[in-house]
Amino acid sequence: MKRGPIPILLAAALHGRRDHMTILGADGREMELRADLFRALEAHPERYRVQREQWSAEKDAYFRGLESLFIEELAPQERVDGSFAPLVRAMQRWLLSLPGYARQTSDVSKEAARFRKSLQKPYLNARAYLFETLPQMFPEGPLSSVLAQVTAARQELAGAKMRLSARLMQEFAVLFGHDVQAETSLGSALADWREGLSPKVRQHVFSGTAQAMLDVVLTPPAGDLQTLEALARAVLGLRMNDWDDGKASLFLERVRAAKAEIEAQEERGEQRVDVDA
């Protein structure tokens with residue numbers, strides 16, 4: 001009781017109801033339910049106000065569904081708090097954990113782009129974001145529909161880089177003379193092209209980009225994704241995580257030029273052989 005009875009009474013009153021009651025500061029920001037907040041309420045009650053969210057089974061299922069979507073970014077000690085803010089922070093942390101490409105590419109649906117943009121704001125009023133902003137962003141149907149659309153937007157953003165990788169592998173299959181419908185792996189396409197190079201060309205010293213690409217082709221890492229990443233770093237000097245939309249076309253352009261340079265050297269070698277013969 002040394003800290004006074006008011007914080008204890010407040011804590012008792014809010015116990016079990018924290019999922020649908022929030023305390024807002026003078027600036028309208030949601031405050032986390034901590035011991036220091038209750039002491040501040042006792043000292044300066046005029047600086048705070050309580051906002052009650054009319055709770056329902058539908059809202060509870062919606063809130064728990066969002067929690068399960070972002071559970072990996074939600075620390076256990078935050079869940080104990082029970083307020084809305086930890087979930088919204090977890091959603092923002094999830095966005096920041098995505099590759100830079102996924103956080104900026106325009107190659108996503110307008111729904112996914114809106115969802116991403118909404119989480120990029122430095123401060124979000126958690127209650128308003130969950131129960132006003134998101135339902136307005138995905139207005140069709142009940143909260144269960146909002147949850148389904150958030151789930152779809154999350155999956156789309158999380159898979160953005162993988163879709164880019166798959167598209168680039170198809171481009172490589174065509175570029176290196178394989179039928180894209182044959183589902184040839186990147187490793188196989190590069191191996192077939194590599195085997196067509198003469199020993200002299202393999203040992204030839206090319207310009208920067210051509211040599212960097214050839215080095216990867218001659219000693220590729222294990223796995224198609226790892227090979228693609230190695231080619232990206234060799235050709236552009238950037239990890240694919242850090243790409244923007246323009247980097248994919250620039251990457252393919254430079255790969256085509258490097259391939260043409262290497263193949264031109266191969267042709268010159270063959271011509272010299274014919275002359276010598």
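Before reading further, recall that the structure is shown in the block above.
**Examining the packing of helix 11 (residues 186-195) against helix 13 (residues 208-218)**
Running from N to C, helix 11 and helix 13 cross one another at 105 degrees; their axes reach a closest spacing of 10 Å. Classified by the angle their axes make, helix 11 and helix 13 are roughly perpendicular. Counted together, Leu190, Trp193 and Arg194 of helix 11 and Met213, Val217 and Leu218 of helix 13 form the full contact between these two elements. Of the residues contributing to the contact of helix 11 with helix 13, the split by class is five nonpolar, no polar and one charged.

**Regarding the pattern of salt bridges**
If the charged atoms of two oppositely charged side chains come close together, the side chains can form a pair. A complete count under the given rule lists seven salt bridges for this structure. A salt bridge links Arg256 to Glu171; the shortest N-O distance between them is 4.0 Å. With Arg256 in helix 15 (residues 245-276) and Glu171 in helix 10 (residues 160-175), the pair connects residues that are 85 residues apart, well separated along the chain. With a relative accessible area of 42%, Arg256 lands in the partly exposed category. The class for Glu171 is partly exposed, based on a relative accessible area of 30%. A cluster of three or more residues bridged by salt bridges with shared partners is formed by Asp60, Arg64 and Glu67.

**A short note on the environment of Glu263**
One can find Glu263 in helix 15. On the basis of relative accessible area, Glu263 is assigned to the partly exposed category, the value being 27%. Sequence separation between Glu263 and Trp193 is 70 residues; the distance between their C-alpha atoms is 9.9 Å.

**Looking at the side chain of Lys59**
When you line up the elements, Lys59 lands in helix 3 (residues 57-69). Setting aside chain neighbours within four positions, we find Lys59 in contact with Glu53, Gln54, Phe131 and Leu143.

Basis of the calculations
Residues numbered from 1 in each chain as written. Predicted model: local features only at pLDDT ≥ 70, side-chain atom pairs only at ≥ 80, totals over all residues. Heavy atoms only, no water. Axes fitted to C-alpha atoms, helices over the stretch in contact; angles between N-to-C directions. Helix = DSSP H or I, 4+ residues; strand = E, 2+ residues; numbered from the N terminus. Parallel < 35°, antiparallel > 145°, perpendicular 65-115°, else oblique. Contact = heavy atoms within 4.5 Å. Nonpolar A, V, L, I, M, F, W, Y, C, P; charged D, E, K, R; others polar. Salt bridge = Lys/Arg side-chain N within 4 Å of Asp/Glu carboxyl O. Buried < 20%, exposed > 50% of the residue type's maximum accessible area, 1.4 Å probe, protein only.

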